[in-house]
Amino acid sequence: MLLDYDRMGWLKIALLGFTALVAGFLLLPVVFIVLLSFGSSRWLAFPPPGWTLKWYQELFADPAWLDAALTSARIATMTAILAVAIGLLASFALVRGQFAGREILRGLLLTPMVLPVVVFAIAIYAFFLRLGLGGTTIGFVIAHTVLALPFAIIPVATALEGFDKSIEDAAIVCGASPLEARLRITLPSIRIGIFSAAIFSFLASWDEVVVAIFMASPSLQTLPVKIWGSLRSDLSPVIAAASSLLVGLTLALMVVTALLQRKLRT
Amino acid sequence: MSVETRRNFGTVRLPAGFNGLLPALVLIVLFFVIPVLALLLRSVTEPEPGLQNYAALLGDGTYARVFFNTFLVASVVTIVTVLVAFPVAWMLAIMPSALASIVFGVIILSMWTNLLTRTYAWMVLLQRTGVINRTLIAAGVIDQPLPLINNLTGVTIGMVYIMLPFMILPLVGTLRAIDPMTLRAAALCGASPFQAFRRILLPLSLPGIAAGGLMVFVMSLGYFVTPALLGGTSNMMLAEMIAQMIQSLLNWGLGSAAAFILLVVTMALYALQLRLVGARRMSGGI
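Given the structure is predicted, the values throughout are model-derived calculations rather than measurements.

Peer 1: Can you help me understand the layout of surface pockets in this one?
Peer 2: Rolled over the atoms, a probe with the dimensions of a water molecule shows which regions are left empty. Taken as a whole, the second largest pocket encloses approximately 330 Å³ of empty space. Around the second largest pocket, the lining is made up of 16 residues, and of these L88, L89, F92 and R182 of chain A together with G20 of chain B lie nearest the centre. Secondary-structure elements contributing two or more residues to the lining of the second largest pocket are α3 (63-96) and α8 (178-189) of chain A. Of the residues forming the lining of the second largest pocket, the biggest block, 6 residues, is contributed by α3 of chain A. A per-class count over the lining of the second largest pocket returns 9 nonpolar, 4 polar and 3 charged.

The structure is reproduced here in structure tokens:
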């Protein structure tokens, strides 16, 4: 009875009520930030005395914010390209390779996802200081690619495991070269996995705070570093405006992902 | 490819299908394994060779407090997350799919929202003069604003918020895999709903609860951003202490020793979790 939705009686109502509360709890900060960014009070009073766009004006008037956003976009794009390329090659080897220690290597490549980021952040910070890569774009991209790699491997490997290799073999029998078969048969079949890998790795870099705090230099700041700095100094509504734009971007990405996945499936 | 290089590859004798792993392995070994090992080396060589950094960390009351706090916060966050997530996952597992997809949408939206954005929202919401305190005062529930931020309460709210999706999503899978017939059978045999819950539903979902709970606990142990922004100075957590030792005190020896302790505890718990769930299911769970 407990797993029978139609026959749970009062318990169902109680649990549904609780679920609605939790959904509200999850939605609250996101909605709140957007409302706050249009509120006219500098002191974050809520509900605000009036509505305004001045925080957005302030945001766009400050070149540091735009700079940080562009830096983040640049680093995240390069990270996504690198992570997907490396992850794609690795996934083929992990799923199809026949060699001892495959599971151990899989575990090794996924470790950056598990190790507390702080530990990696100070390790790579010290390492890059020695190499002279601290505070450089290339340093950022390498560090973020390490963190993004598990998020690139997992969806691609999962998609590849679900792909029937005999289709690729059939193409080879019909005269395609092995490379051609992979490029024209296998890759298009696992495109949802590749696409998810690209989005996940992009976000892994775009949202990354801890490594970025250590690596950032006055001349190279990502958006999270800029937000982090403002959070520690003041709680100005300009952060709410910047955050709302991020929420908007996230929503847009989510919708695009959902639409593309639907389109790719049919 | 020239004959030269081909011959070189020939002598190494890489197993079939291994080559694709090379770029990933080079990246991970060069920029992950070596830097982390180098950091650990510093914990026993700076300022001078020996284990004095570990002795200082484990022998000092101030640091002991930070370790205690870290485990306390991670435990509280895990327990609250499990308690809140279970009923939601339960409903999601059996709800009509149209309704469930709305709730899933909300969960995914919150998960995808920038971490700092969500933490900022909680900083504003939980302030002394924040919305929550004002609402409660206006409603006459309390006279004085509740201290909701810069303490354990603030950290717990902020972290539970972030961890909930990681607990709900895998639990839904566990609960969906339970055959409703087993519960119907229990009811037919005269079990009360409470008995059926305690003797059947709960034990059957325990593997999912254990795996998800362990994941939340491990993630909480090393969390940096949320505790640093929502916590107080009196309940600092390990990750924040490590960052402070390196960034403001420039004490690399002590900082890397603390990092090593965090690493060992995390990896040990991760290994335990892999045994519970199996590596394949873990990595396929995204």
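Peer 1: Before we go on, may I ask you to explain the interface of chain A and chain B in this structure?
Peer 2: Size of an interface, as often reported, equals the accessible area lost when the parts are brought together. On the chain B side, the residues contacting the 90 residues of chain A number 87 residues. Overall, the association of chain A and chain B removes approximately 8,200 Å² of surface from exposure, summing both partners, and the carbon and sulfur fraction of that is 83%. The three residues of chain A that bury the most area against chain B are L2, L3 and L26 of chain A, which together make up 10% of that side's buried surface. Put simply, chain A and chain B have 1 salt bridge between them. Between R184 of chain B and D4 of chain A there is a salt bridge; the shortest N-O distance is 3.0 Å. Where chain A meets chain B, there are 6 residue pairs in polar contact (both at pLDDT 80 or more).

Peer 1: What should I look at first to understand the UniProt feature "transmembrane region" (unreviewed entry) in chain A in this one?
Peer 2: Residue and element names in this part refer to chain A. When the UniProt feature table is mapped to this numbering, "transmembrane region" (unreviewed entry) covers residues 12-38, 75-95, 107-128, 140-160, 192-215 and 235-260. The annotated region residues 75-95 carries 100% helix and 0% strand content, and the separation between its end C-alpha atoms amounts to 29 Å. Between the end C-alpha atoms of residues 192-215 the distance is 33 Å, and the span holds 88% helix and 0% strand.

Peer 1: Hey, could you run me through helix α8 (residues 152-176) of chain B in this one?
Peer 2: The α-helix winds at 3.6 residues per turn, so residues separated by three or four positions along the chain end up facing the same way. Residue and element names in this part refer to chain B. The terminal C-alpha atoms of α8 lie 34 Å apart, and with 25 residues this matches the ideal 36 Å at 1.5 Å per residue to within 8%. Maximum bend of α8: about 40°, positioned at M163, with proline P165 one to four residues after it. The opening residue of α8, the one whose side-chain oxygen lies 3.1 Å from the backbone nitrogen of T153, is N151.

Thresholds applied
- Residues numbered from 1 in each chain as written.
- Chains lettered and ligands numbered in written order.
- Predicted model: local features only at pLDDT ≥ 70, side-chain atom pairs only at ≥ 80, totals over all residues.
- Heavy atoms only, no water.
- 1 Å grid on protein atoms, 1.4 Å probe; cavity = no way out; pocket = protein on both sides within 12 Å on 5 of 7 lines; lining within 4 Å.
- Points joined across faces, edges and corners; volume = space filled by probe spheres on them.
- Helix = DSSP H or I, 4+ residues; strand = E, 2+ residues; numbered from the N terminus.
- Nonpolar A, V, L, I, M, F, W, Y, C, P; charged D, E, K, R; others polar.
- Contact = heavy atoms within 4.5 Å.
- Buried area = accessible area lost by both parts, 1.4 Å probe.
- Salt bridge = Lys/Arg side-chain N within 4 Å of Asp/Glu carboxyl O.
- Polar contact = N/O pair within 3.5 Å; in protein donor to acceptor, adjacent residues only side chain to side chain.
- UniProt positions renumbered as here; feature names shortened; annotations may be inferred.
- Expected span 1.5 Å × (residues − 1).
- Bend = angle between axes of the 7 residues up to and from the residue.

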